[in-house]
Amino acid sequence: MVEILVNQQSNIFHLKNDTMSYVIKVEEQGLVSHQYVGSPLVSYEGGRNYPRVDRSFSPNFYAAENRLYSRDTLPQEFSSYGSGDFRTTGVKVKQANGSNVVDFRFDSYELLDGKPPLEGLPHFYSDQAKTLIIKLKDRLINGLTLCLLYSIFPEGAIVRSTKILNNSQECLTIEKIDSLQLDFVDADYELVSLPGAWANERQLKREPLESGIKMLRSERGSSSHQQNPFGALLRKETNEFQGEVFGFSLVYSGSFQFTFEKEQYDQLRLNIGMNEQQFSWELQPNASFQTPEVIMVYSDQGLNGMSAVFHQMTKDCLLRGKYKKKERPILVNNWEATYFDFDEGAINQLIDEAGDLGIELFVLDDGWFGKREDDRTSLGDWEINEQKLPNGLTKMIAHGAERKVAFGLWFEPEMVSEDSHLFRNHPEWVLQVPGREKSRSRDQFVLDFSRKDVREHIYQKMQVILSQNEISYVKWDMNRHLSEVYSVGRLSANQGETHHRYVLGLYDFLEKLTTEFPKVLFESCSGGGGRFDLGMLYYMPQTWTSDNTDAVARLKIQYATSLLYPTVTMGAHISDVPNHQTQRITSLEMRGHVAMSGTFGYELDLTAISKEEKQEISQQITFYKQHRQLIQYGQFYRLLSPFEGNDCAWMFVSPDQSQCLVFYYNVLERASAPFRILKLAGLSESAVYTNQELGSFSGSELMCSGFYTSVIKKGDFRSECYYFERSEGKR
Ligand code: DGJ
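Just so we're clear, the structure is a prediction, and the values are computed from it rather than from any experiment.

(A) Just the sheet that holds strand β28 (residues 542-544), in detail. Strand order in the closed barrel formed by 8 strands is β21-β22-β23-β26-β27-β28-β29-β30, with parallel pairing between adjacent strands. This sheet shows a mean twist of 30° between the axes of neighbouring strands, independent of strand direction. Taken together, the 2 bridges between strand β27 (residues 521-524) and β28 define a ladder with parallel strand orientation. Directly across from Ser-524, in β28, lies its bridge partner Thr-543. Of the strands in this sheet, β26 (473-476) and β27 touch helix α7 (residues 498-516), which is tilted by about 170° from β26. Sitting on the sheet, helix α10 (residues 588-595) touches β29 (570-575) and β30 (599-603), and the angle it makes with β29 is about 170°.

(B) How the structure looks around the side chain of Asp-365. With respect to the element layout, Asp-365 can be found in the loop between β22 (361-364) and α4 (394-402). For Asp-365, a relative accessible area of 3% translates into the label buried. Polar contacts involving the side chain of Asp-365 include one to the side chain of Trp-410, which spans 3.5 Å. Apart from residues no more than four positions distant in its own chain, Asp-365 is found in contact with Asn-333, Asn-334, Trp-335, Trp-410 and Lys-475.

(C) Seen up close, the packing of aromatic side chains. In this structure the tally under the stated criterion is 45 aromatic pairs. Relative to Trp-281, the ring of Phe-279 has its centre 6.2 Å away and its plane inclined at 15°; by these criteria the two rings are stacked. Ring centres of Phe-449 and Phe-509 lie 5.4 Å apart, and the angle between their planes is 15°; on these two criteria the pair is classed as stacked. Taken together, the residues span a long stretch of sequence, with Phe-449 in the loop between β25 (444-446) and α6 (452-468) and Phe-509 in helix α7 at a distance of 60 residues. For the pair shown, Phe-449 and Phe-509 are each scored as buried. In this structure an aromatic cluster arises from ring pairing among Trp-368, Phe-369, Trp-382, Trp-410 and Phe-411. Over the face of the ring belonging to Phe-342 we find Lys-388, whose NZ or CZ atom lies 4.3 Å from the ring centre. Residue placement shows Arg-554 over the ring face of Trp-544; its charged tip is 4.8 Å from the ring centre.

(D) Structural detail: the pairing of β26. The alternating pattern of β26 places Tyr-473 and Lys-475 on one face and Val-474 and Trp-476 on the opposite face, and all of these are buried. The sheet contact formed by strand β23 (residues 406-411) and β26 spans 4 bridges and is parallel. Across the sheet, Gly-408 pairs through a bridge with Tyr-473, a residue of β26. Where β26 lies against β27, 4 bridges are found, and the strand directions are parallel. Within the sheet, the bridge partner assigned to Trp-476 lies in β27 and is Ser-524. For the crossover from β26 across α7 to β27, the handedness is right-handed.

(E) Seen up close, the site of the ligand. Taken together, 13 residues sit near the ligand, with Asp-365, Asp-366, Lys-475, Asp-477 and Asp-547 positioned nearest. Within the side chain of Asp-365, a nitrogen or oxygen atom sits 2.6 Å from an oxygen atom of the ligand. The protein chains hide 98% of the 300 Å² of surface that the ligand would expose on its own. Taken together, the residues that form the shell around the ligand break down as 4 nonpolar, 3 polar and 6 charged.

(F) A look at the domain arrangement of the protein. Each assigned domain of the protein is listed with its residue range as follows: domain 1 (3-43 + 81-317) and domain 2 (647-730). Put simply, the middle of domain 1 and the middle of domain 2, counted by C-alpha atoms, are 39 Å apart.

(G) How the structure looks around the sheet that holds strand β3 (residues 21-26). Spatial ordering of the open sheet is given by β1-β2-β3-β4, a layout of 4 strands whose pairing is antiparallel. The sheet is open, and its two edges are formed by β1 (2-7) and β4 (32-38), each paired on a single side. With strand direction ignored, the average angle separating the axes of adjacent strands in the sheet is 15°.

(H) Fine view of the environment of Leu-5. Structurally, the position occupied by Leu-5 is in strand β1. For Leu-5, a relative accessible area of 34% corresponds to the partly exposed category. Expressed as a C-alpha distance, the spacing of Leu-5 and Lys-16, which sit 11 residues apart in the sequence, is 8.1 Å. When residues no more than four places from it in sequence are discounted, the contact partners of Leu-5 are Ile-12, Phe-13 and His-14.

(I) Representation of a nonpolar patch on the surface. Together, Phe-675, Ile-677, Tyr-708, Val-711 and Ile-712 make up an exposed nonpolar region whose accessible area comes to about 580 Å². Relative to the helices and strands, Ile-677 is located in strand β34 (residues 677-678).

(J) Structural view of the pattern of salt bridges. The final tally for this structure, using the stated rule, is 51 salt bridges. Residues Arg-531 and Glu-414 are paired through a salt bridge, measuring 2.7 Å at the closest nitrogen-oxygen approach. Of the two residues, Arg-531 is situated in the loop between β27 and α8 (534-539) and Glu-414 in the loop between β23 and β24 (415-417); the sequence distance between them amounts to 117 residues. Neither Arg-531 nor Glu-414 differs from the other in exposure class; each is buried.

(K) Main features of the packing of helix α3 (residues 344-357) against α4. Where α3 meets α4, the closest approach of the two axes is 9 Å, and the angle between their N-to-C directions is 15°. Relative to α4, the element α3 is oriented roughly parallel. Relative to α4, α3 is oriented so that their crossing is right-handed. Contacts from Glu-344, Ile-347, Asn-348, Ile-351 and Asp-352 of α3 reach α4 at Lys-395, Met-396, His-399 and Gly-400. When the residues that make up the contact of α3 with α4 are grouped by side-chain class, the tally is 3 nonpolar, 3 polar and 3 charged.

(L) α6, seen in detail. Under the 1.5 Å per step criterion, the end-to-end length of α6 is 24 Å for 17 residues, consistent within 8% with the ideal 24 Å. Turning to α6, its buried residues are Val-454, Arg-455, Ile-458, Tyr-459, Met-462, Ile-465 and Leu-466. Projection of α6 onto a plane perpendicular to its axis shows the buried side chains occupying an angular sector of 130°, all on one side. Away from its buried face, by an angle of more than 90 degrees, α6 presents the exposed residues Lys-452, Ser-467 and Gln-468. Among the structural elements, β23, α5 (421-425), β26 and α7 are those in contact with the buried residues of α6.

(M) Region of the structure containing unusual backbone geometry. Cis geometry is found at the peptide bond from Val-577 to Pro-578, where omega equals -10°. One can find Pro-578 in the loop between β29 and α10. Even without glycine at this site, Ser-378 takes up a positive phi of about 80°. Within the secondary structure, Ser-378 sits in the loop between β22 and α4.

(N) Structural view of the pairing of strand β20 (residues 294-299). Counting buried positions along β20 yields 6 of 6 residues, so the element is predominantly enclosed. Where burial is concerned, the two faces of β20 agree: the one with Val-294, Met-296 and Tyr-298 and the one with Ile-295, Val-297 and Ser-299 are both buried. With 4 bridges joining them, strand β9 (residues 157-166) and β20 adopt antiparallel strand pairing. Counterpart to Ile-158 in the pairing with β20 is Met-296. Bridge count for strand β15 (residues 245-250) against β20 is 6 bridges, and the pairing is antiparallel. Opposite Leu-250, over in β20, you have Val-294 as the bridge partner.

Cut-off values and rules
Residues numbered from 1 in each chain as written. Predicted model: local features only at pLDDT ≥ 70, side-chain atom pairs only at ≥ 80, totals over all residues. Heavy atoms only, no water. Pairing = 2+ DSSP bridges. Helix = DSSP H or I, 4+ residues; strand = E, 2+ residues; numbered from the N terminus. Axes fitted to C-alpha atoms, helices over the stretch in contact; angles between N-to-C directions. Contact = heavy atoms within 4.5 Å. Buried < 20%, exposed > 50% of the residue type's maximum accessible area, 1.4 Å probe, protein only. Polar contact = N/O pair within 3.5 Å; in protein donor to acceptor, adjacent residues only side chain to side chain. Phe/Tyr/Trp six-rings, centres within 6.5 Å; stacked < 30°, edge-to-face > 60°. Lys NZ or Arg CZ within 6 Å of the ring centre and 35° of its normal. Right-handed = clockwise from strand over helix to strand, strands pointing away. Near = heavy atom within 4 Å. Areas by Shrake-Rupley, 256 points an atom, 1.4 Å probe, with all protein chains shown as cover. Nonpolar A, V, L, I, M, F, W, Y, C, P; charged D, E, K, R; others polar. Domains from an automatic or database assignment. Patch = residues over 30% accessible without salt bridge, like charges linked within 9 Å, V, L, I, M, F, W, Y side chains within 5 Å. Salt bridge = Lys/Arg side-chain N within 4 Å of Asp/Glu carboxyl O. Parallel < 35°, antiparallel > 145°, perpendicular 65-115°, else oblique. Left-handed = near helix turned anticlockwise from the far one by under 90°. Expected span 1.5 Å × (residues − 1). Arc of directions from axis to C-beta.

Structure, rendered in structure tokens:
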């Protein structure tokens, strides 16, 4: 159910679905106040008015008869810069005379069925959603309109964005424009965020909000390993299963900022948008600017409740194309097996082994193009490396097809090596400030994807490879962040647009590519999970979660990633031991149980493993195929957090609650350890479920009383897997 109720008398807008209500009111002087967000309300009559009190040093309106009303304290849907609200601002626009003060007041509203698309930007879609557009007009600049867009979805979320239209005669410059502002009347929340680093992405952090400003941001031109564009506000008592939580994610792959300001009266203001340090935009008369959008989820059923909505919204209303609902193939990637050291013979051997084991897709990673023998050369030269692959790709692909192994290929389209034909021919195609040194990172430069000619050249190169070969999968990598961001040839007044234009250029490229090659499965990657965001998922339905393939490290990474991203979007591979990133040795069983909890694959030398290992791998593949639908499209629940203890557990429940699969991981062994009872979630209370070894339980028994994990198995880094099926005929 979704409704937008408008009370013309009290000027109240009430957006409502089965899990939340969101209420807005137009107040005196045309300020749009935030009234309520939380559990669904039957109706909102508006008895709770924001107290009118004289707050010193909080400015009043010029014509006001008293000092009781100030925009500096009122919870508002959006705040204008410089006109008396001293908290974080949502919008700042500079005029030709140098002023950047704005003063937006309510003008009108519009209701729409469905959710309008955002042109050129990734976005959620649904015919079932309903949309409210609140239009504000600046008091001075005649014709400057700010539209606040709210779309409420039956799946449980609200998606917000902002659009600004300049119908004035003046050329203006937007200095800041957020996608969302949300004012809470109290700041009694803890913040959950996902900071990290390369090979250590998305480490769940929970902290109280203190007075002043807390910022989550990326300055890297990419959503980044260092901070994911996600934040959640939780009450102190909220945990995985109960309590209130608000979750937010910006649908954007570039630099961003989340600002949490606990202000003087302990109210909380949240602003989310593109990173303002790296943004300005010239707005010509009759032009408009649309921000990326933010998804906002409310749940009173803890973090698992929040994740369920994020997952459903992503799976049903964001992912697109052939693989939206389709089971993803089990793949083997040659990166950790060979790195740059391969030739056709070696690849064919890997393909042979893959075929024998029932692996469905082989991915040829970095090193197949130009004269690439290491990471210092040839990016940009997207032609076959004839030294390594004298017969091109065709023969290898045919070799795979005979063994029912499809073929996938790695690209890093946004980058160029100094040692490449492309750079030698077009040094001006790189992001750079004239006369300044360019920073190196992995010895490569960033191509200026804000330029159409650059994109067209790379597109054409990829198009040749993809149309001349039977390629079923593409891994799109990005192995450095953006520095010296300046576009050669762009006017100085427009240089501040380069960051955002880069991202728009990337999206434009991806839209074209995925439309032209609809059968290809695309996986995005940025040195692992450096660009794991909802923006990229709109174009590519899976992301390589991390370059860290160690099973123990992956527990935390995958656990925290699942806060908002569905497990079907998380690439997870079994690699060799000692692990290449941590040197840790874990069992093949545990590596399997971790990797199977995502979009499953292998990343090791299948020609160099023992007979016993091959046998085990073959069993893993059979098992995964048997349960793939449940794992990739079931409901995911986190049960035990690796951030809180030595063990970890999660589970998958089929949509009809007829089966579930539970994974339990124990990191370090302990002598005389207490018994561990595992309690499940998401089952039908009255159904009876049976596990071959453990026996039968009612759903409520499994959820409230639980079962003991193994007391026989011993040793570090071990895991267990339990499959339960509803016993038909019984209750
Ligand atoms: C970084 C990726 O995350 C790896 O999986 C691999 O593709 C390398 N790049 C190749 O350079």
